[in-house]
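Coordinate inspection notes
As a plain string of letters, each chain reads:
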Amino acid sequence: MLRNLVKTSGIIIRPIVYGSLPTKSNLILSTSNGAVMTTMTKRNVGLKHGQNDPAYAGTMAEVKDQIMERLGLEPGYTPIPKHREHLLKYEPKASDLEPRSMQDSFTSAILPLSTDKTLQDRYVAFLGHVRLGRLMEDMDMFAVWVCHKHIKLNNLPEGIPLPYTFVTILVDKITFTNFRTKATEDIRLSGHVSWVGKSSMEIVVWLEQMENGVWHKITKALFLMAARNATNTGPAPVNPIKPATDEEKKIFDGGILRKQRRQLLQASSIFKVEPNDYEQSLMYELFKRTTPQATMELNLRVLPPNCRWMSDSFVTNTIASFPENRNAHNKVFGGFLMRNASEISWVCANLYCKTAKPKTEHICDISFEKPVSVNSFIKMTAYVVYTEVNYLQIMTVADVIDSVTGDQLTSNVFYYTYSATEQVPEVLPRSYHETMWYLQGRRKFKYALGLE
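Presented here is a report on the structure given in the accompanying data block. (Residues numbered from 1 in each chain as written. Predicted model: local features only at pLDDT ≥ 70, side-chain atom pairs only at ≥ 80, totals over all residues. Heavy atoms only, no water.)

A word on the packing of helix 2 (residues 60-71) against helix 4 (residues 132-150). As a packed pair, helix 2 and helix 4 sit with axes 10 Å apart at the nearest point and diverge in direction by 45°. Classified by the angle between their axes, helix 2 and helix 4 sit oblique to one another. As for the relative orientation of helix 2 and helix 4, their crossing is left-handed in sense. Where helix 2 approaches helix 4, its residues Met-60, Val-63, Lys-64, Gln-66, Ile-67, Arg-70 and Leu-71 are matched on the opposing element by Asp-138, Met-141, Phe-142, Val-144, Trp-145 and His-148. Of the residues in the contact of helix 2 with helix 4, the class split is eight nonpolar, two polar and three charged. (Axes fitted to C-alpha atoms, helices over the stretch in contact; angles between N-to-C directions. Helix = DSSP H or I, 4+ residues; strand = E, 2+ residues; numbered from the N terminus. Parallel < 35°, antiparallel > 145°, perpendicular 65-115°, else oblique. Left-handed = near helix turned anticlockwise from the far one by under 90°. Contact = heavy atoms within 4.5 Å. Nonpolar A, V, L, I, M, F, W, Y, C, P; charged D, E, K, R; others polar.)

Quick look at the structure:
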């Protein structure tokens, strides 16, 4: 039964036609859980990737160059970022920003895997499919590009760089299809702004891969981005959205609901609020199952058959970040953290499942708590925190380590849902601390599969 749940995840999707670039007049669909999808329309765009469409931005390498150019940044690394204080005077007032529609920010770009052999080597996994972590990296950069497409400053003098900094706040509920990617076929990224606040923007990004002349959907994700001033010292206003169609109005209204749901989930986190009545009963059952009933030795814990302790079910790695991994503002690029977290979670899932090869089904609630310096040491630990039948929920924590004091500060938390080809051993907490992780993992699992 749970197997079938993954295919729907609580989302009701209207028919999607693949094979051509989305038209600006028919971009968006609203789904039952407030997610955002796209409608592909049948039209001949002439060239393979729609390069004759004004929304086409080029390859992802070209997109990166355009972002750098618009920000007035030059290639090459210097320990001290380029001076940008002079751009603060060009920051607009909210009243000066004209409304934009969602279709104004719609754009697409290509990963030319079919022709670029060097790119293939960077993206290929050992079985020939595309490395998921690499795609997460690209989606994060592409979301920044969509922010650039949305911002329009009528009063900015010609030749002056954009007086903004864009940072990722969180990524919400990435759901994967069953399409098997290939490292030898082109991948297309598309997206647009779906909701804005005073200085925040919700971006929907989706991935497709070309196969036999037809685009097949891989995944979609919602990015919440913050607009900051030129020096990243305070918020900056963004253009409001004025929906151009009834469909855009539905999506924008859905964005308000999504914001409220995110706030509710954050406020009710198990790390902020005590477990509810059902969860407290679950905690008691876990205690009974792992305590000897005959002797009631309270200091002794026993492991039931076909179970594993959470404290034995983790993988950790410490990595150094380098200028290669920086964003345009000399901080560690969020996509780099997403890639490494995805890959260590996959290692953890494989080691836990052994022969029952796991598949990534969902990534939800990737949060970015603190900026990370490019000279940081980053400790990543992936824990199996919940299992159910053939599913396992992994929590990956990224801690920044102070090389002088040894102090650790959590910068990111990631949650991944994997499915295995057969039932997996049940993971059980041994301490109260681990029990809180267990309950949080259970919540994330139910949310990812649309069960709550």
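This part is about the side chain of Ser-419. One can find Ser-419 in strand 14 (residues 408-419). Among the polar contacts made by the side chain of Ser-419, one reaches the side chain of Glu-361 at a distance of 2.6 Å. (Polar contact = N/O pair within 3.5 Å; in protein donor to acceptor, adjacent residues only side chain to side chain.)

So, on to the packing of helix 4 against helix 7 (residues 334-353). At a closest axis distance of 8 Å, the pairing of helix 4 and helix 7 adopts a crossing angle of 155°. As summarised for this structure, helix 4 and helix 7 are arranged roughly antiparallel, according to the angle between their axes. By crossing handedness, the relation of helix 4 to helix 7 is classed as right-handed. Mapping the contact onto sequence places Gly-133, Arg-134, Met-136, Glu-137 and Asp-140 in helix 4 and Gly-334, Gly-335, Phe-336, Met-338, Arg-339, Ser-342 and Glu-343 in helix 7. When the residues that make up the contact of helix 4 with helix 7 are grouped by side-chain class, the tally is three nonpolar, four polar and five charged.

Counted by the stated rule, this structure contains zero disulfides. Cys-348 takes part in no disulfide bond, and the closest cysteine sulfur to it belongs to Cys-353, at a distance of 9.0 Å. Of the residues examined, Cys-353 reaches a relative accessible area of 8% and is grouped as buried. (Disulfide = S-S within 2.5 Å. Buried < 20%, exposed > 50% of the residue type's maximum accessible area, 1.4 Å probe, protein only.)

Function cannot be inferred from these measures alone, as they are strictly geometric.
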